[in-house]
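# Coordinates in review
Residues per chain, in single letters:
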Amino acid sequence: RPAFRQVQGVDTNGRVLATSARGGRLFHGERAWFKHLSSQEGDPEVHVGDLYRPAGSTVSLLEIAFPVRNPENVWVGAVRAVPDASDIYTVLAPVRIGRTGHASLIRATDGLVLASDESERILTVPFPGFESLRNAVEGFPLGESGEQIFARTGTRRGYWTIPEVKATDEAGREMVVEPSRLVGFSPIDQIPDVNWLVTVEQDLSEALAPIESVTRYLWIHFIGVFATVILLALYFSFKLEQPVMEEELHLHEEHVPAGMKKAES
């Protein structure tokens, strides 16, 4: 695959036996990934290193290694691969929500952007507003009173609202770096030895637009119903003050039988 820049096979001492491309180290015995593989017991596990950018290069790389064992389950070496880290974003790229929603891969410890459609931020700056997101990532250290409202200590939320992120430019003027956003996140626990976080963010105004539309619709109908009730109440209240029959008719005198008139007189 073109994404793999280099694939190497090493022996039990870390010496390179075969490689798909020139360059790089010829001995990996002191590398952290090699020590991790050599100390494994039980079922073999893949080692995924942290993303890095070689000096003088703009390409982000990722180091992956896996132990090699013979049929007797004896460790005989390892295979090391260096893929292009930009290939990771091909998995996140299809995640699109609305006009502003997109996904990113960040490091959970400090929020450093590892993969994103905003290439200028990769391995350069942390995720904007990560300090606010950290509370949700690490859980809530709440007391007993707080547990009754939210949940037990350590409960994690799958989303968080990040307020507007501002910064000061060279002229000392305050500028908006990112608007208020709704961020969904999920830690990656399928891969051992990585501390990564997948985030899906969307502008808060766009995320809440359907709710605001429904709320506006309900308010309009509520006001319409309330106004109709008031108008009907006023209409019937005026009707109750009017006589049942017009006074000009005097039906109570014209239709009284003659016998009843003599009896009254």
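We now turn to the structure provided with this report.

Reading the values: rules and limits
- Residues numbered from 1 in each chain as written.
- Predicted model: local features only at pLDDT ≥ 70, side-chain atom pairs only at ≥ 80, totals over all residues.
- Heavy atoms only, no water.
- Salt bridge = Lys/Arg side-chain N within 4 Å of Asp/Glu carboxyl O.
- Helix = DSSP H or I, 4+ residues; strand = E, 2+ residues; numbered from the N terminus.
- Buried < 20%, exposed > 50% of the residue type's maximum accessible area, 1.4 Å probe, protein only.
- Contact = heavy atoms within 4.5 Å.
- Patch = residues over 30% accessible without salt bridge, like charges linked within 9 Å, V, L, I, M, F, W, Y side chains within 5 Å.
- Areas by Shrake-Rupley, 256 points an atom, 1.4 Å probe, with all protein chains shown as cover.
- Core = buried A, V, L, I, M, F, W, Y, C linked by side-chain atoms within 4.5 Å.
- 1 Å grid on protein atoms, 1.4 Å probe; cavity = no way out; pocket = protein on both sides within 12 Å on 5 of 7 lines; lining within 4 Å.
- Points joined across faces, edges and corners; volume = space filled by probe spheres on them.
- Nonpolar A, V, L, I, M, F, W, Y, C, P; charged D, E, K, R; others polar.

The tally for this structure, following the rule as stated, stands at 13 salt bridges. Here arginine 15 makes a salt bridge to aspartate 11, at a shortest N to O gap of 3.2 Å. In this structure, glutamate 63 engages arginine 31 in a salt bridge whose closest nitrogen and oxygen atoms are separated by 3.1 Å. Separated by 32 residues along the polypeptide, glutamate 63 in the loop between β3 (47-48) and β4 (64-69) and arginine 31 in the loop between β2 (16-19) and α1 (32-38) bring together distant segments of the chain. The partly exposed category is assigned to arginine 31, whose relative accessible area is 21%. A single salt-bridge network, built from bridges that share partners, covers Arg31, Glu63 and Arg80.

Turning to its location among the elements, glycine 49 is positioned in the loop between β3 and β4. Through-space distance from the C-alpha of glycine 49 to that of alanine 65 is 8.4 Å; in sequence the pair is 16 residues apart. Setting aside residues up to four positions removed in sequence, glycine 49 forms contacts with Leu62, Glu63 and Trp196.

What follows deals with a nonpolar patch on the surface. Taken together, the side chains of Trp219, Phe222, Ile223, Phe226, Ile230, Leu231, Leu234 and Phe238 make up a nonpolar region of the molecular surface, amounting to roughly 900 Å² of accessible area. Mapped onto the elements of the fold, phenylalanine 238 is located in helix α6 (residues 209-240).

Quick look at the nonpolar core now. Core analysis: the biggest nonpolar cluster contains 15 residues, and Ile106, Phe127, Leu133, Ile162, Phe185 and Leu197 have the highest contact counts within it. Those elements giving two or more residues to this core turn out to be α3 (130-138), β9 (159-162) and β12 (181-187). Top contributing element to this core by residue count: α3, with four residues. Excluding anything up to four places from it in sequence, leucine 133 contacts Ile106, Phe127, Trp160, Ile162, Val183, Phe185, Leu197 and Thr199. Counting residues in each nonpolar core, the second largest holds 13 residues, with Val48, Tyr89, Ala103 and Leu112 among its members.

Our focus in this paragraph is the layout of surface pockets. As a volume, the largest pocket reaches approximately 290 Å³. Within the residue set of the lining of the largest pocket, elements represented by two or more residues are α2 (89-92) and β13 (196-203). Among the residues forming the lining of the largest pocket, the class breakdown is 14 nonpolar, no polar and three charged. Considered as a void within the structure, the second largest pocket measures approximately 240 Å³ in volume. In terms of lining, the second largest pocket is formed by 16 residues, of which the most central are Arg31, Tyr52, Glu63, Arg80 and Val82. Those elements that provide at least two residues to the lining of the second largest pocket are β1 (4-10) and β5 (75-83). When residues in the lining of the second largest pocket are grouped by element, the largest group, three residues, is from β1.

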